[in-house]
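# Analysis of the macromolecular model
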Amino acid sequence: MRVITISIVNIKGGTGKTTTTYNLGAALAARGKRVLLVDNDPQGSLTKSLGYDPKQMTVTLAALMSQVIDAPEQLESGLNKAIQHQDTLDLCPANQKLSGILTRLIVMQASGSMFPQSDNDTNPVFVLRSVLAPLAARYDYILIDCSPHPDLQMINALAASDSVIVPIQAHYLDAEGLPDTLELVRRVRQTYQPNLSVRGLLLTMYKGRTLLSRMVREQIEETYGSQIPVFEQPIDYSVRVAEHPAYGESLLAYAPDCPAAQSYTHLAEEVLRHESA
Ligand SMILES: Nc1ncnc2c1ncn2[C@@H]1O[C@H](COP(=O)(O)OP(=O)(O)OP(=O)(O)O)[C@@H](O)[C@H]1O
């Protein structure tokens, strides 16, 4: 099976991107898939959730992106140092140093310069894609956790991806952030990655018994459902979600019976069904 790279994006903050990256990854790994999680956010929330202290991480995504730009021959050894192996999941960590890379990408783009050390004629949008290229044979799924900022770092993630999952909080009737997120995906598809698709809109923090959650679901399906898939399985609200990162365990390991953990298992099945269809 060819590796499938999925970015988890929404330019609205706090919609469940990190939670989805971690727990969808854990659920795919529980189904025997080889999964790499990529923390593409200088806040390092995903890195923290897996039990690492971002400040203590010496080789992170920032170092790998620097290597692609300055010393591509060192990338392989950088990857071996950066990637952290857990029981069933691997992580490419991030910390604040990623902000420095973003500044560098912006300067490169503004000055129209390409990779100084690279032979190929790629541009600053494809740095993350180049980081991930050597990993294609090692994984079935690469999931990229994006920050909410629609910047070059996010564009790098989209340009490196086959598809995106857009988590939407089921508490907001206006599904704030969704139109702008979809527009950004459309533009990246048009300009850099013609195969990029929206794998699905994912309702998160779903309280099935409340009228508001049901209304948001209906509204999303009515507004977008004819053009964009909406995952059948919303992610249930569960207080256990806030607890599991403190233990450095996935929700599936920490509270396997809680409704949100079961939602992520169903979501993984939906994702796998789609790939085999
Ligand atoms: N299914 C859920 N049930 C209850 N709480 C949840 C659920 N999913 C996420 N949360 C909580 O919502 C908050 C935001 O989640 P998360 O960090 O995953 O969002 P995010 O989109 O990655 O945020 P950011 O935009 O800041 O990167 C967290 O406190 C998390 O514990």
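Conventions adopted
- Residues numbered from 1 in each chain as written.
- Predicted model: local features only at pLDDT ≥ 70, side-chain atom pairs only at ≥ 80, totals over all residues.
- Heavy atoms only, no water.
- Near = heavy atom within 4 Å.
- Polar contact = N/O pair within 3.5 Å; in protein donor to acceptor, adjacent residues only side chain to side chain.
- Areas by Shrake-Rupley, 256 points an atom, 1.4 Å probe, with all protein chains shown as cover.
- Buried < 20%, exposed > 50% of the residue type's maximum accessible area, 1.4 Å probe, protein only.
- Helix = DSSP H or I, 4+ residues; strand = E, 2+ residues; numbered from the N terminus.
- Expected span 1.5 Å × (residues − 1).
- Contact = heavy atoms within 4.5 Å.
- Salt bridge = Lys/Arg side-chain N within 4 Å of Asp/Glu carboxyl O.
- Pairing = 2+ DSSP bridges.
- 1 Å grid on protein atoms, 1.4 Å probe; cavity = no way out; pocket = protein on both sides within 12 Å on 5 of 7 lines; lining within 4 Å.
- Points joined across faces, edges and corners; volume = space filled by probe spheres on them.
- Nonpolar A, V, L, I, M, F, W, Y, C, P; charged D, E, K, R; others polar.
- Axes fitted to C-alpha atoms, helices over the stretch in contact; angles between N-to-C directions.
- Parallel < 35°, antiparallel > 145°, perpendicular 65-115°, else oblique.
- Left-handed = near helix turned anticlockwise from the far one by under 90°.

On to the site of the ligand, then. In the vicinity of the ligand there are 16 residues, among which Gly14, Lys17, Thr18, Thr19 and Asp236 approach most closely. With respect to the ligand, the backbone of glycine 14 contributes an N or O atom lying 2.9 Å from an oxygen atom. Within the contact set of the ligand, an oxygen atom lies 2.9 Å away from a side-chain nitrogen or oxygen of lysine 17. Burial of the ligand by the protein chains amounts to 77% of its free accessible area of 630 Å².

In this structure, methionine 205 takes a positive phi of about 55 degrees despite not being glycine. Methionine 205 sits in the partly exposed class, given a relative accessible area of 22%.

Taking 1.5 Å per residue as the helical rise, helix α9 (residues 211-224) with its 14 residues ought to reach 20 Å, and the 20 Å between its terminal C-alpha atoms agrees with that figure. Buried residues in α9 make contact with β6 (163-169), α8 (178-191) and β7 (197-204).

Attention now moves to the pattern of salt bridges. Under the defined criterion, the tally for this structure stands at 10 salt bridges. Residue glutamate 221 pairs with arginine 217 through a salt bridge whose shortest N-O separation is 3.6 Å. Note that glutamate 221 and arginine 217 are positioned in helix α9 at a spacing of four residues, about one turn of the helix. When salt bridges with common partners are traced through the structure, they connect Glu183, Arg186 and Arg187 into a single cluster.

Right, let's talk about the pairing of strand β5 (residues 141-146) for a bit. Taken across its six residues, β5 has six buried, putting it largely inside the fold. Relative to β5, strand β1 (residues 4-8) runs parallel, the two sharing five bridges. By the bridge assignment for β5, threonine 5 is matched with isoleucine 142. Here strand β2 (residues 35-40) pairs with β5 via six bridges, running parallel.

Quantified by volume, the largest pocket comes out at close to 340 Å³. As for the largest pocket, its lining consists of 21 residues, of which Gly14, Thr15, Gly16, Thr19 and Met205 are closest to the centre. Residue contributions to the lining of the largest pocket peak at three residues, all from helix α1 (residues 17-30). Partitioned by chemical class, the residues of the lining of the largest pocket number nine nonpolar, nine polar and three charged.

Look at α1 against helix α12 (residues 259-276): their axes get within 8 Å of each other, and the N-to-C directions meet at 70 degrees. By the angle between their directions, the pair α1 and α12 is classed as roughly perpendicular. Crossing geometry of α1 relative to α12 is assigned as right-handed. Residues Thr19, Thr20, Asn23, Leu24, Ala27 and Leu28 of α1 pack against Tyr264, Thr265, Leu267, Ala268, Val271 and Leu272 of α12. Its residues placed into classes, the contact of α1 with α12 shows eight nonpolar, four polar and no charged.

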